[in-house]
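Examination of the molecular architecture
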Amino acid sequence: MLFPPAEYLKEELDRYVEQLQIVRVVRQRERKGLITARLLGASVASGEVLTFLDAHCECFHGWLEPLLSRIAEEPTAVVSPDIATIDLNTFEFSKPVQNGKQHSRGNFDWSLTFGWEVIPARERQRRKDETFPIKSPTFAGGLFAISRSYFEHIGSYDDQMEIWGGENVEMSFRVWQCGGQVEIIPCSVVGHVFRSKSPHTFPKGTQVISRNQVRLAEVWMDDYKEIFYRRNQQASQMAREIKNEGTKSCLDVGENNHGGKPLIMYPCHGLGGNQYFEYTSQRELRHNIGKELCLRAATGTAELGECQFRGKPGRVPASEEWDLAQNRLIKNLASGLCLTARGKHPALVPCDLTDPHQLWSFT
């Protein structure tokens, strides 16, 4: 069970849960976000099937058996219950009806925003009866069950996604493209409180949602990602290789650079990895692969170091603040110097618009 850090959810909760015997509370030492919390829960769970439910849910009688039955029948099926509404103000449960319900399924638009749609005619015709699974392009993400072995086979969650946002669409794409299928099981009913606004706080700003979506697009969407980037300008500036005009190569962190080492220039390969950089709304150039590393101005050079900005009310130190002007210079605000690819390693020199080795572009 995963909970927010309210006082009554600490020792008082532990004492209460001890009486239940089959329930175990697992805690993180610091806030890591939804994906990391779920991966922690999956790592200590012992069953053959993993079931993820939001805390603000109430399960209807007989909700679990239909999900388990479908997974036993088709181990690559990732199944969600039919979601009933729990009133936000009264907590009244909308009781499911046996017949005649108009079902919905998950979808997404080109901004990678999750939504709902009425089941199209072709899917209604495919289903043999009311108990038949509903194939869904995406799922809400807060309520689903999956075979543990299949969850591990497809690589589980992207553990570099932060806090919250986009993980449900990413998991849906992952399942469909790795030979599985996303389904809604009408005979399983779980109530869910749909809130009028997000209860989450974002210490690094809501740009983490765009960052999560960028990871989704870069991994799973191939050339279709360009449609997404046209819809999301913030995302379009985040995940790009940084190509130099003079060398025609890309800024690269080099092998095993966990901070403190100079950067290198390397032929652009379009695979992210060592050439994955994000330009944030705080004007950082981040290389968030494994560790949160930022491009930092040092004496006459540029190197990676652990990012100092940890969210408001803090601020980015000037040594990690960069201006990416339309003139294509990358200028450090502390030193007033610009990044150049001339020499063995990228370095900082007086700005010169006529020098192609100082002209950069996100490709």
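This text gives an overview of the structure that appears in the document.

1. Observations concerning the state of the cysteines
Tallied over the full model, the rule gives three disulfides. A disulfide bridge connects C338 with C351, and the sulfur atoms are separated by 2.0 Å. Across the S-S bond of C338 and C351 the torsion is about 85 degrees, and the bridge reads as right-handed. On the criterion of sequence distance, the pair formed by C338 in strand β18 (residues 338-340) and C351 in the loop between β19 (347-349) and β20 (360-362) is long-range, its members being 13 residues apart. On the basis of relative accessibility, which here comes to 34%, the residue C351 falls in the partly exposed class.

2. Re unusual backbone geometry
At K248, a position not held by glycine, the phi torsion is positive, near 60 degrees. Assignment of secondary structure puts K248 in the loop between β9 (242-244) and β10 (250-252).

3. A short note on the pairing of strand β5 (residues 114-118)
Two elements, strand β4 (residues 104-108) and β5, share five bridges in a ladder whose sense is antiparallel. In the strand pairing of β5, G106 is matched with W116.

4. As for the side chain of Q181
Within the secondary structure, Q181 is located in strand β8 (residues 181-193). Engagement of the side chain of Q181 in a polar contact is seen with the side chain of K135, the distance being 2.6 Å. Beyond its immediate sequence surroundings of up to four residues, Q181 is in contact with R70, E74, T76, A77, V78, K135, V175 and W176.

5. A few points about the environment of S156
For S156, the location among the structural elements is in the loop between α5 (148-153) and α6 (167-177). Look at S156 and you get buried, because its relative accessible area is 16%. For the pair S156 and V175, spaced 19 residues apart in the sequence, the C-alpha separation amounts to 9.7 Å. Setting aside its immediate chain neighbours within four residues, S156 contacts L39, F151, M171 and R174.

6. Notes on the packing of aromatic side chains
One pass over the structure, following the stated rule, counts seven aromatic pairs. An angle of 80 degrees between the planes, with centres 5.1 Å apart, marks the rings of F114 and W116 as edge-to-face. Seen from their ring centres, F139 and F144 are 4.8 Å apart, and the 55 degrees between their planes marks the pair as tilted. Each member of the pair F139 and F144 is classed as buried. Three or more aromatic residues link up through ring pairs in this structure, and these residues are F52, F139, F144 and F151.

Rules used in this analysis
Residues numbered from 1 in each chain as written. Predicted model: local features only at pLDDT ≥ 70, side-chain atom pairs only at ≥ 80, totals over all residues. Heavy atoms only, no water. Disulfide = S-S within 2.5 Å. Helix = DSSP H or I, 4+ residues; strand = E, 2+ residues; numbered from the N terminus. Buried < 20%, exposed > 50% of the residue type's maximum accessible area, 1.4 Å probe, protein only. Pairing = 2+ DSSP bridges. Polar contact = N/O pair within 3.5 Å; in protein donor to acceptor, adjacent residues only side chain to side chain. Contact = heavy atoms within 4.5 Å. Phe/Tyr/Trp six-rings, centres within 6.5 Å; stacked < 30°, edge-to-face > 60°.

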